Amino acid sequence: MEGLTGRERSLAALRAENQGIPPIIPPFQGTWALNTEGVPLRDAIEDPRVNAGAQLRAAQRCGFDAFEGMWDWLTMAEAMGCGVKIKDGMGAVTVDHVLADGIDDVPAPDPSADGRALSNRDALELCAEGDSFVYSTVPGPFTLAGELRGLEQLMMDSILEPETCQDVVSLSTRAIEGYAGFYAAHSEGVLVCESSGSPDLVPPELFTSVVLPAITRPLQAARSEGRHPMLYIAGDSSPLLEDLSRLPMDLLSVDRGVDLGLCLGTVDCAVAGGIDAVAILSDDGCGAAADGIASAIEAVRGQEGRFFLAASSDLSAAPIGNVECWSGLLRSHYH
């Protein structure tokens, strides 16, 4: 499938029909790209052209076939009343939890009235003018619930006041559904990132009874818009792959340590992974990437048609050279 654009390779892999080199998806490069380009986050939010320009340049430089055109994933927290600070390298950081002192009837925000969401929409549309598959990122319901309530308090609620925990997650789910549908109309996929609802953090019974049902709804919101629902689960999701396999998703992006062969043998959708996002922070980040790529290719042998090469989490402060090398290293295995 040589000669195809990144968008075409990505769509083929999402259909389990890729016949060439696996496409590369970061999956989270937004704030990293801005830092690499020396663009303050506030400037990127205020001017979608500046934002999109940085994302497109980073994608071209690193050979990304797919990338997130919308990295400002927690904008709905501020729209719902949380106090936030925009910090370069970190994005919008919640500093005041709107539900910290109790459960109020906070309405789900309207993304079309949210200035940050509108800026994100415009950046998505500008990114779509390139040849890559462009998707938007939204938080998982448990992750947003932790921003609204405070993660420590939410975890206490899950033990001492499970109904309160469920109420907060239900509230966050409604908000994310609205934003997922809003962004889906302007991107080719929606990636739900469940970082706080990680199997490493929440017990299995809480994951299956609260986190999993909530994740389903934003995925369905993307699907209802005719877009590709995608999911990232932080932590070791291996014991939960059977449960995850029943979700309405076209791609599952996994954290480090999760066996890619096991994933592909359990879920029917495309799978993304292979690069240890922590290891590539080191001086020998290219060497770490080479080891990860070699292991990934062996793990997915025979099922390459629905595999994306990806990092295990966001690119953080990885040197640009440690990411640029992926494309060449990957191609070297196929030529």
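Data block above holds the structure.
Sequence positions are assigned chain by chain, starting from 1 and proceeding in written order. Reporting of local features is limited, given that this is a predicted model, to residues whose pLDDT is at least 70; pairs of side-chain atoms are given and counted only at 80 or more, and all residues count toward the totals for whole chains, interfaces and linings. Only hydrogens and water are set aside; all other atoms, that is, all heavy atoms of the structure, feed into the side-chain values.

1. Quick notes on the pairing of strand 5 (residues 189-194)
Rules: Classification of residues uses two cut-offs on accessible area relative to the type maximum, computed with a 1.4 Å probe and protein chains only: under 20% is buried, over 50% is exposed, and between them is partly exposed. Counting from the N terminus, the helices are the DSSP runs of H or I reaching at least four residues and the strands are the DSSP runs of E reaching at least two. In short, DSSP must find at least two bridges between two strands for them to pair. By convention a crossover is right-handed if, when the strands point away from the viewer, the path from the first strand over the helix to the second runs clockwise.
Among the six residues that make up strand 5, six are buried, leaving the element largely enclosed by the rest of the structure. In this sheet, strand 5 lies alongside strand 4 (residues 133-139) in parallel orientation, the contact comprising five bridges. Following the sheet pairing, Val138 is matched in strand 5 by Val192. As paired elements, strand 5 and strand 6 (residues 228-233) share six bridges and run parallel to each other. Pairing of Cys193 across the sheet is with Tyr232, part of strand 6. Each parallel crossover has a hand, and for strand 5 linked through helix 10 (residues 204-224) to strand 6 it is right-handed.

2. As for the layout of surface pockets
Counted only if it meets this: Definitions used throughout: a 1 Å grid over protein atoms alone; a cavity as a set of points that fits a 1.4 Å probe which cannot get out; a pocket as an open set with protein on both sides within 12 Å along at least five of seven lines; a lining residue as one with an atom within 4 Å of a point. Grid points are joined across faces, edges and corners, and a volume is the space filled by probe spheres set on the points. Asp, Glu, Lys and Arg are counted as charged, while Ala, Val, Leu, Ile, Met, Phe, Trp, Tyr, Cys and Pro are counted as nonpolar; the rest, among them Gly, fall into the polar class.
Computed from the structure, the largest pocket encloses a volume of approximately 600 Å³. Lining the largest pocket are 27 residues, and of these Thr31, Trp73, Met90, Gly91 and Asp314 sit closest to its centre. Where the lining of the largest pocket is concerned, the elements lending two or more residues are helix 2 (30-37) and strand 3 (91-96). Partitioned by chemical class, the residues of the lining of the largest pocket number 12 nonpolar, 11 polar and four charged. Estimates place the volume of the second largest pocket at around 260 Å³. Lining the second largest pocket are 19 residues; nearest its centre among them are Gly257, Val258, Leu260, Gly274 and Ile275. Every element with two or more residues in the lining of the second largest pocket is listed here: strand 8 (270-275) and helix 13 (285-299). Sort the elements by how many residues they give to the lining of the second largest pocket and helix 13 lands first, with five residues. Classifying every residue of the lining of the second largest pocket by side-chain character gives nine nonpolar, six polar and four charged.

3. Concerning the packing of aromatic side chains
Operational definition: Pairing of aromatic side chains requires ring centres within 6.5 Å, counting the rings of Phe and Tyr and the six-membered ring of Trp. Pairs whose planes differ by under 30 degrees are stacked, by over 60 edge-to-face, and all others tilted.
Overall, the coordinates contain five aromatic pairs when judged by the stated rule. Ring geometry for Tyr179 versus Tyr183: centroids 6.1 Å apart, planes at 55°, classification tilted. Of this pair, Tyr179 and Tyr183 both sit in helix 9 (residues 162-184), separated by four residues, roughly a single helical turn. Taking the relative accessible area as the measure of exposure, Tyr183 reaches 1% and is therefore buried.

4. So, helix 7 (residues 141-149)
For helix 7, the tally of buried residues reaches nine of nine residues, placing the bulk of the element in the interior. For helix 7, the set of buried residues is Pro141, Phe142, Thr143, Leu144, Ala145, Gly146, Glu147, Leu148 and Arg149. Trailing helix 7 by a residue or two, Gly150 shows a phi angle of about 95°, which is positive.

5. Describing the packing of helix 13 against helix 14 (residues 321-332)
Convention followed: The convention used is that axes are lines fitted to C-alpha atoms, helices contributing only their stretch in contact, and that angles between N-to-C directions extend from 0 to 180 degrees. Working rule for handedness: look at the near helix, and if it is turned counterclockwise from the far one by less than a right angle, call the crossing left-handed; if clockwise, right-handed. Whether two residues touch is decided by their heavy atoms; if any such pair falls within 4.5 Å, the residues are in contact.
For the pair helix 13 and helix 14, the least separation of the axes is 9 Å and the interaxial angle reads 35°. The interaxial crossing formed by helix 13 with helix 14 has right-handed handedness. The segment helix 13 lies against helix 14, with Gly285, Cys286, Ala289, Ala290, Ile293 and Ile297 engaging Gly321, Asn322, Cys325, Trp326, Leu329 and Leu330. Residue classes in the contact of helix 13 with helix 14 are distributed as nine nonpolar, three polar and no charged.

The analysis is restricted to geometry; functional conclusions fall outside its scope.
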